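# Architecture at a glance
Spelled out from the first residue to the last, the chains are:
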Amino acid sequence: MSLHPTIRDVTERIRARSAPTRQTYLERVRRAAEDGPHRAHLSCGNQAHAYAAMGQDKDRLAGHRAPNLGIVTAYNDMLSAHQPFERFPALIREAARRAGGTAQVAGGVPAMCDGVTQGQPGMELSLFSRDVIAMAAGVALSHNTFDAAAYLGVCDKIVPGLVIAAATFGHVPAVFMPAGPMTSGLPNDEKARVRQQFAAGEIDRDALMRAEMESYHGPGTCTFYGTANTNQMLMEFMGLHLPGASFVNPGTPLRDALTEAATERALAITALGNAYTPVADVLDERAFVNGIVGLMATGGSTNLVLHLPAMARAAGIALEPQDFAEISAVTPLMAKVYPNGLADVNHFHAAGGLPYMIGQLLEAGLLHEDVTTIAGPGLARYASDPKLTDAGLVWEDGPRQSQNDKILRPVGAPFQPTGGLRELTGNLGTGIMKVSAVAPELHAIEAPARIFDDQEQVKAAFKAGELTGDCVIVVRFQGPRANGMPELHALTPTLSVLLDRGLKVALVTDGRMSGASGKVPAALHVSPEAALGGPLARLRDGDVIRVDARAGVLEVLSDGALDRAPATPDLGANTHGTGRELFELFRRNAGVATLGASPLLPDGAQE
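First, a word on scope: everything that follows refers to the structure included in this document.

This part is about the packing of helix α7 (residues 158-168) against helix α14 (residues 303-314). Following both chains from N to C, one finds α7 and α14 inclined at 15 degrees, their axes separated by 8 Å at the closest point. For the element pair α7 / α14, the angle class is roughly parallel. Relative to α14, the crossing made by α7 is right-handed. In this structure, α7 uses Pro160, Val163, Ile164, Ala167 and Thr168 to contact α14, whose residues at the interface are His307, Ala310, Met311 and Ala314. When grouped by side-chain class, the residues that make up the contact of α7 with α14 number 7 nonpolar, 2 polar and no charged.

As a further point, take the layout of surface pockets. Roughly 1500 Å³ of volume is contained in the largest pocket. In terms of lining, the largest pocket is formed by 46 residues, of which the most central are Gly115, Gln118, Arg195, Glu212 and His489. Elements that contribute at least two residues to the lining of the largest pocket include exactly α5 (114-117), α8 (188-199), α9 (205-215), α10 (227-237), α18 (455-463) and α20 (492-500). Split into classes, the residues belonging to the lining of the largest pocket amount to 22 nonpolar, 15 polar and 9 charged.

With that out of the way, let us pick up empty space enclosed by the protein. Within the structure shown, the criterion is met by 5 cavities of 30 Å³ or more. Val305, Pro321, Thr430, Ile432 and Thr594 are the residues nearest the centre of the largest cavity, which is lined by 18 residues in total. Considering each element in turn, the lining of the largest cavity owes the most residues, 4 residues, to helix α15 (residues 321-330). Split into classes, the residues belonging to the lining of the largest cavity amount to 10 nonpolar, 5 polar and 3 charged. In this structure, the second largest cavity is lined by 15 residues; those nearest its centre are Lys434, Ser517, Gly518, Ala522 and Leu524. Listed by contribution, the elements that provide at least two residues to the lining of the second largest cavity are β10 (429-434) and β14 (522-527). The class makeup of the residues in the lining of the second largest cavity is 7 nonpolar, 6 polar and 2 charged.

Time to look at the packing of helix α4 (residues 88-98) against helix α11 (residues 253-268). Put simply, α4 and α11 touch, their axes get as near as 9 Å, and they point 50 degrees apart. It follows from the interaxial angle that α4 and α11 lie oblique. As α4 packs across α11, the resulting crossing turns out to be right-handed. Here Phe88, Leu91, Ile92, Ala95, Ala96 and Arg98 of α4 come into contact with α11, specifically with Asp256, Thr259, Glu260, Thr263 and Leu267.

Within a sheet, each strand pairs with its neighbour through backbone hydrogen bonds, oriented either parallel or antiparallel. With parallel pairing, the 4 strands of this open sheet are ordered in space as β2-β1-β3-β4. At either margin of the open sheet sits one strand with a lone partner, and together these are β2 (102-108) and β4 (174-177). Pairs of neighbouring strands in the sheet enclose a mean axial angle of 25 degrees, with direction left out of account. Bridge count for strand β1 (residues 68-73) against β2 is 6 bridges, and the pairing is parallel. Looking at the pairing, Asn68 lines up with Thr102 of β2.

Conventions and cut-offs
Residues numbered from 1 in each chain as written. Predicted model: local features only at pLDDT ≥ 70, side-chain atom pairs only at ≥ 80, totals over all residues. Heavy atoms only, no water. Axes fitted to C-alpha atoms, helices over the stretch in contact; angles between N-to-C directions. Helix = DSSP H or I, 4+ residues; strand = E, 2+ residues; numbered from the N terminus. Parallel < 35°, antiparallel > 145°, perpendicular 65-115°, else oblique. Left-handed = near helix turned anticlockwise from the far one by under 90°. Contact = heavy atoms within 4.5 Å. Nonpolar A, V, L, I, M, F, W, Y, C, P; charged D, E, K, R; others polar. 1 Å grid on protein atoms, 1.4 Å probe; cavity = no way out; pocket = protein on both sides within 12 Å on 5 of 7 lines; lining within 4 Å. Points joined across faces, edges and corners; volume = space filled by probe spheres on them. Pairing = 2+ DSSP bridges.

Next up, the structure:
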């Protein structure tokens, strides 16, 4: 089918808007590609350092004729999603040898677990860890001895940070290798119910702990459709994974076979062979549009509305909020995965998963098929399923029918006709709401404001019995310049209790929410942020606010509310402890949320 006119028009607008920066980027990439990996140009001493510990691979490395794969790993065993990566370097090295190449761990990058830091001071480092990851990956690749790079990362900021690094080293082919989701444990809706019981004082901490441990119980990605699994979807829609690789459980023969196949493919697409595929050719405006379509069709994490502009800017491409809004308006919501529904990602995968979705969206003209991917030209190959047979790993045609229409539906009969995210604009600025998990009767709320400067104040007001009527809870001074833009997921159980009591409650904040949040209508990433004198800084208790996802409106209705002088809270407590003093430079130079809130990228500090 021909490309949908809105997808075509948005893509052309992005291409035109980005032309100067994209051209500069591609010229820089071409120059770097012409120089090539510098192994052969290094001094003998340089090379001896690089190969000293490589044992049986030394001669092959020194010969310069075999491709060398640099592994950038986010392994640690604090993150269940990243624990499986402990085995990957050995698998990759052996697969590389069989393919006639070599592989080295080029470096590690930090990977923090937002599940550990939710509601804690460490969460204020979370967003900027993305930029640290990009820098750390840059250090790893700075040795300039690699013909391709393998990126091992899954969660929240890790994948966006690695993509920023990959784009920066755009002449180097890049293959992303996932670890897969943990097997299903305690159902996510049951976990949420227990959390609300604890917030309401109905159960003790021991009962809460039992439920949490039954939910997060083993290696692999958390099974809800939060930021980590949204990242994996994106890597497939954008052509940086092998087809069908995202949601295969860790520690299985198929998972290992996909890792080995990804290694072989990475070596095959270097400049030493006949299928050179620099990642700059993969990460063009069509790939980013495809990623946004995937985000909307799956009801993915709002965090990616923040990360995608930063990822794109690293490749010389400028995304704007309007692009997301227009794509969402024509993209049907095809999936219901917790928090949008009761299923987890394993159920989604079994129902047909990404191969089914990509096939459907291609047939509807909602995706660019004519893209470059690490698997080869064309996105149609991503409508296939990997299978492990007696003959080895093969790809077969993916399912043509959903295996469970309560989880996954066709384009022609979706859960809703438009995407899972909405842009909100008005006199309070620009924000985003994830509507796919919010009850329709809560899509528009008009109520008096309760103003708070941090999430602990909200919890205290709840415990004191102060939140007894319909209200719009404003948590301001949570933007990147204020305190690093932490996720406020710890508020979800409290606000959910208020909804269950029959109150109409919405959240408005210049901070973020976890990708697992959704039941509470929340206007997130509001920009300009309060710390820069944005409208949220001028609000007071009692101001009437309208949060309307149907009309795409975020506004204060009270006369004169925005004529007041902005509040200027003391942010000193947010600048030290738990390493926060090390990130002051990042806070000072962070860009606005609509541009990705990065302190590193061009124009990132625009206000």
